[in-house]
Amino acid sequence: LPKSLEGTGGPFPDSVWDPAGLVKNNSEEQILQWRSAELKHGRVAMLAVAGWFHVAAGLHPIGDGAARTRLSDDPIIALQQLPAAGLMQVFFTLMLLEWMFTFV
């Protein structure tokens, strides 16, 4: 059991919930990297859900400004109405943030 996982898996100090067997035959550094990626992806998923509800509630001033028109309150239709340049800006901003948090 890696030192970084002690006490993280259950009611006992030596229990770890690992149904896929990822802990076996991997270094502690690799396991810590996977844990940080899992936390980051969970946070991104929570922000995505918050953004979905934000658009569905009718609050999208940035999207309205980028499209120069009123976007739909349906998130899928609003995404289709957004110009390609706006989508590229979002994509590259997310890539930049990922790079910064990984390598800087």
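Draft legend 1. Quick look at the overall build of the chain. Within the chain one finds four helices and zero strands. Relative to the compact-globule value of 13 Å for 104 residues, the chain shows a C-alpha radius of gyration of 20 Å, a clear excess of over 25%. Taken along the three principal axes of its C-alpha coordinates, the chain extends 55 × 30 × 20 Å. Per-residue burial for the chain yields a buried fraction of 16% across its 104 residues. Long-range pairs, those at least 24 residues apart, make up 22% of the contacts in the chain with a sequence separation of at least 6.

Draft legend 2. Just a nonpolar patch on the surface, in detail. Residues V90, L94, L96, L97, W99, M100, F101, F103 and V104 make up a contiguous nonpolar surface patch of about 990 Å² in total accessible area. The residue F103 is located in helix α4 (residues 84-103) in this model.

Draft legend 3. Geometry of the pattern of salt bridges. According to the stated counting rule, one finds two salt bridges in the structure shown. A salt bridge links D73 to R70, with the nearest nitrogen and oxygen atoms 3.6 Å apart. For R70, a relative accessible area of 51% puts it in the exposed group.

Draft legend 4. View of the packing of aromatic side chains. Per the stated rule, a full pass over the model turns up one aromatic pair. A centroid spacing of 5.4 Å and a plane angle of 70° characterise the contact between F91 and F92, whose relative ring orientation is edge-to-face. F92 gets classed as partly exposed once you look at its relative accessible area, which sits at 46%.

Draft legend 5. Molecular detail of the nonpolar core. One finds V55, A67, L71, A78 and L82 forming the largest nonpolar core, which totals five residues. Leaving out residues up to four positions away in the same chain, L82 has contacts with G63, A66, L71 and L87.

Draft legend 6. Expanded view of the confidence of the model for the chain. Here the chain shows a mean pLDDT of 84. Residues at 70 or above account for 98%. Considering each helix and strand of the chain separately, the mean pLDDT is smallest for helix α2 (residues 61-67), with a value of 72, and largest for helix α1 (residues 28-56), with 90.

Draft legend 7. Expanded view of α1. Counted at 1.5 Å a residue, the expected span for α1 with its 29 residues is 42 Å, and the 42 Å between its end C-alpha atoms agrees. Phi turns positive, to about 95°, at G58, one or two residues after α1.

Draft legend 8. How the structure looks around unusual backbone geometry. One non-glycine residue, N25, adopts positive backbone phi at about 60°. With respect to the element layout, N25 can be found in the segment before α1.

Cut-off values and rules
Residues numbered from 1 in each chain as written. Predicted model: local features only at pLDDT ≥ 70, side-chain atom pairs only at ≥ 80, totals over all residues. Heavy atoms only, no water. Helix = DSSP H or I, 4+ residues; strand = E, 2+ residues; numbered from the N terminus. Rg over C-alpha atoms; globule rule 2.2 N^0.38 Å. Buried < 20%, exposed > 50% of the residue type's maximum accessible area, 1.4 Å probe, protein only. Contact = heavy atoms within 4.5 Å. Patch = residues over 30% accessible without salt bridge, like charges linked within 9 Å, V, L, I, M, F, W, Y side chains within 5 Å. Areas by Shrake-Rupley, 256 points an atom, 1.4 Å probe, with all protein chains shown as cover. Salt bridge = Lys/Arg side-chain N within 4 Å of Asp/Glu carboxyl O. Phe/Tyr/Trp six-rings, centres within 6.5 Å; stacked < 30°, edge-to-face > 60°. Core = buried A, V, L, I, M, F, W, Y, C linked by side-chain atoms within 4.5 Å. pLDDT = per-residue confidence, 0-100. Expected span 1.5 Å × (residues − 1).

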